[in-house]
Structures are given as structure tokens and as C-alpha cells.
Amino acid sequence: MLLEALSAFLTGFLAPLIRGLISDWRAAQALREAGAADAARETSHTIQEIADAQRANDARDRGGAGDVARRLRERIGDGG
């Protein structure tokens, strides 16, 4: 009888405690996954910004159409 009462008490106490711990763990896992997704999104955005800046620098270094035509003429020997 004492054993049954002790078992009932422990079952009544431990089951909600375990459910709460599992729920807390799932919530923490969801937050970690959301944080990882945000970090990946931010990294992707940063990489895109760097690529855009590099393209702009490359375009500036190449110059306009006249500069490209002049370099092409020099390269093929027309000298113009």
C-alpha cells in the first residue's frame, strides 16, 4: 500500500516534470534552428553584397565602352 502510494505520487510528479522538460527542450531546439536559419540568411545576404560590390568595382575598372574599344584595338594591333 505504501509502495502503491509512493508509486502514484512519483508517477503524478515525474510525468508532468518530464513532459515539461521535453517541451522546454523542443522550444530550445526550435530557437536554435531559427537562429541557424537567420545566420545562414544573413551570411547569404552579406556574400551577395560583397559580390555586388566586386561587380561594381570590376565594371568601374573596365571603364566605358570607349575604353573597352580602345583596349581591344590596342590588343589586336590597330592602335587607332
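Structure first, text after, so check above.
Residues numbered from 1 in each chain as written. Predicted model: local features only at pLDDT ≥ 70, side-chain atom pairs only at ≥ 80, totals over all residues. Heavy atoms only, no water.

## Structural notes on the overall build of the protein chain
Step number 1: Across its full length, the protein chain holds 2 helices and 0 strands.
Step number 2: Relative to its length of 80 residues, the protein chain is extended, with a C-alpha radius of gyration of 33 Å against a globular reference of 12 Å.
Step number 3: Dimensions along the principal axes, computed over C-alpha positions, put the protein chain at roughly 110 × 15 × 10 Å.
Step number 4: Burial analysis of the protein chain (80 residues in total) assigns 0% to the buried set.
Step number 5: A total of about 6,900 Å² of accessible surface is found on the protein chain, and carbon and sulfur atoms cover 63% of it.
Step number 6: Distance between charge centres in the protein chain, computed from 11 positive and 12 negative side chains, equals 5 Å. (Helix = DSSP H or I, 4+ residues; strand = E, 2+ residues; numbered from the N terminus. Rg over C-alpha atoms; globule rule 2.2 N^0.38 Å. Buried < 20%, exposed > 50% of the residue type's maximum accessible area, 1.4 Å probe, protein only. Areas by Shrake-Rupley, 256 points an atom, 1.4 Å probe, with all protein chains shown as cover. Lys, Arg positive; Asp, Glu negative; His and termini not counted. Charge placed at Lys NZ, Arg CZ, Asp CG, Glu CD.)

## Overview of a nonpolar patch on the surface
Step number 1: A grouping of L3, L6, F9, L10, F13, L14, L17, I18, L21 and I22 is seen on the molecular surface, where their side chains present a nonpolar patch of about 970 Å² in accessible area.
Step number 2: Relative to the helices and strands, I18 is located in helix 1 (residues 2-62). (Patch = residues over 30% accessible without salt bridge, like charges linked within 9 Å, V, L, I, M, F, W, Y side chains within 5 Å. Salt bridge = Lys/Arg side-chain N within 4 Å of Asp/Glu carboxyl O.)

## Observations concerning helix 1
Step number 1: When the terminal C-alpha atoms of helix 1 are compared, their 89 Å separation across 61 residues agrees well with the 90 Å that a helix rising 1.5 Å per residue should span.
Step number 2: The positive-phi residue at the C-terminal boundary of helix 1 is G63, with phi of around 85°. (Expected span 1.5 Å × (residues − 1).)

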